[in-house]
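Here is what each chain is made of, one letter per residue.
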Amino acid sequence: MSAVMEPLTCNAAEYVNHILNLVKTKNPCEPEFHQTVHEVVDSLKPVLDRHPRYQKEKILERITEPERVIMFRVPWFDDKGDVQINRGFRIEMNSAIGPYKGGLRLHPSVNLGILKFLAFEQVFKNSLTTLPMGGGKGGSDFDPKGKSDNEVMRFCQSFMSELERHIGPDTDIPAGDIGVGGREIGYLFGQYKRLRNEFTGVLTGKGLGWGGSLIRPEATGYGCVYFADEMLKTRKDSLEGKVCLVSGSGNVSQYTVEKLLDLGAKTVTLSDSDGFIYDADGIDREKLAYVLDLKNNCRGRIKEYADKYRNAIYTPINRKLDYNPLWDIKADCAFPSATQNEINAKDAFNLLKNGVKLVCEGSNMPSSLEATKAFIDAKVLYGPAKASNAGGVATSGLEMTQDSMRLSWTREEVDARLHKIMIAVHENCYETAKKYGTPGNLVNGANIAGFLKVADAMLDQGLV
Ligand code: NDP
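Now for a description of the structure that goes with this document.

1. Examining the site of the ligand
Not every one of the 22 residues close to the ligand is listed here, only the nearest: Gly 250, Asp 272, Ser 273, Ser 363 and Gly 392. Within the shell around the ligand, the residues separate by chemical class into three nonpolar, 16 polar and three charged. Structurally, the shell around the ligand is a two-domain feature, drawing no fewer than three residues from each of domain 2 (68–200) and domain 3 (219–383).

2. Some remarks on the packing of helix 13 (residues 345–353) against helix 14 (residues 369–378)
A packed helix pair is summarised by two numbers, namely the angle formed by the two axes and the spacing between the axes. The contact between helix 13 and helix 14 brings their axes to 7 Å, and the two run at 25 degrees. With respect to helix 14, the axis of helix 13 lies roughly parallel. Crossing of helix 13 over helix 14 shows right-handed handedness. Mapping the contact onto sequence places Ala 345, Asp 347, Ala 348, Phe 349 and Leu 352 in helix 13 and Glu 370, Ala 371, Ala 374, Phe 375 and Ala 378 in helix 14. Here the contact of helix 13 with helix 14 is composed, by residue class, of eight nonpolar, no polar and two charged.

3. Quick notes on the nonpolar core
Residues Phe 227, Ala 228, Leu 245, Cys 333, Ala 334, Leu 358 and Cys 360 are the most contacted members of the largest nonpolar core, which totals 103 residues. Setting aside anything within four residues of it in sequence, one finds Ala 334 in contact with Leu 245, Trp 327, Leu 351, Val 356 and Val 359. By size, the runner-up hydrophobic cluster in this structure holds 20 residues, among which are Val 74, Phe 159, Ala 175 and Leu 203.

4. Focus: the environment of Arg 183
Considering the arrangement of structural elements, one finds Arg 183 in helix 8 (residues 182–196). Assessed through the 17 C-beta atoms surrounding it within 10 Å, Arg 183 is described here as partly exposed. Taking the C-alpha atoms as reference, Arg 183 lies 34 Å from Asp 347; in sequence the two are 164 residues apart.

About the thresholds
- Residues numbered from 1 in each chain as written.
- Predicted model: local features only at pLDDT ≥ 70, side-chain atom pairs only at ≥ 80, totals over all residues.
- Near = placed C-beta within 6 Å.
- Nonpolar A, V, L, I, M, F, W, Y, C, P; charged D, E, K, R; others polar.
- Domains from an automatic or database assignment.
- Axes fitted to C-alpha atoms, helices over the stretch in contact; angles between N-to-C directions.
- Helix = DSSP H or I, 4+ residues; strand = E, 2+ residues; numbered from the N terminus.
- Parallel < 35°, antiparallel > 145°, perpendicular 65-115°, else oblique.
- Left-handed = near helix turned anticlockwise from the far one by under 90°.
- Contact = placed C-beta atoms within 7 Å.
- Core = buried A, V, L, I, M, F, W, Y, C linked by C-beta atoms within 7 Å.
- Buried ≥ 20, exposed ≤ 12 C-beta atoms within 10 Å, placed from the backbone.

Everything listed here is a matter of geometry and, on its own, says nothing about what the molecule does.
So this is what it looks like as structure tokens:
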């Protein structure tokens, strides 16, 4: 019990240790949640020293406790007529600055701890976007891989039959994440509309013909590359001619590659959970169009890229290795865009050994705490996910605005707003890092800037 004993007033380091012990004790067996809380509260020490009110008002105790956790049964029939049962979740983490907002993830690895980590990250990320959005996240351990369209539809309808009572356009607005793209959002939206008899902007990532926004599919990848460009500008450098490693081959990866092509860089890798391809010639627009069709329409595996483009080398995942050979390829920039903890300390060391200049995170928390420390110590440009991948949710915010106004902006207009937001997110992180005594450390900059806005709103709104 001593781990959770309430401290009298203590210094920032002691308070942070207390919070970490408290979170571990209250949320056992949730290592990803512990990891993200560790990273954030560690960054906050200079803030806590300067502003004792946050400790006095127990802001860290409050911000690490979700406002609401919903867990539910999702029953559905598969194509054989057999009953299937999955578990559904929605974490409504924090609504201090706006309605809960964050994606839904469908992947067999989904559990409470992973969704709490994602919801916690989302609170700070949404705060950084400059838009009024609180943080949430949800999903299920359902695996869409290998399922027919009808099975996915029946699952989504069952999932929404419970979720609908907890969400709404002014309450909680889910979106896509791993395993949830246009198809799934369509089925979820259809069922919500049928149950509520309302056509509202309750989900983002909708189809263009029924309330979606241009550029939303591209936004996370484009935004991540805009952020990388801003980081490079601080060293009077650019993406022109840079060789880049991208992991994953889903939504974020695809549009990261596209924007890198626009800015004159060359991507040489893509991956999925079975392995990765290395194409030394670079993934040009024709090859990228093939990847989009392979992944979004044919729902195929990245291995097929190497069958089609014979110069590319395919390497299957080797689970016996304690590192990922994708991160051991010589390159200037790395854009991890698959999943959490995909870069461990050894991967970080390999990237640094090969002279990487920039790591910009497309996926959420792709770097372990040790890897993050290695990048910061080496003083390479390092864009932490909650800042660098904020373009997706920012554009969801723009989709919500268009839905409320009952109008659609042009592609150019949305892209210009996204670009402006990413410039502002970078500047905010950069300036905040400087102000709190760690210039260039965008991890601290993002955590502190994201925290201050939410914490001050919580103080203003009293003990709720
Ligand atoms: P997708 O489902 O479109 O693509 C995910 C990609 O990552 C697939 O290639 C998938 O391979 C691979 N992947 C997933 N899990 C694993 C794993 N455990 N090991 C190895 N590879 C894996 O998802 P998104 O592109 O939307 O999301 C990717 C990341 O970006 C996630 O961390 C997500 O939280 C984050 N993100 C997404 C946003 C968005 O707007 N979509 C916004 C902000 C962040 P396979 O097909 O084999 O599973």
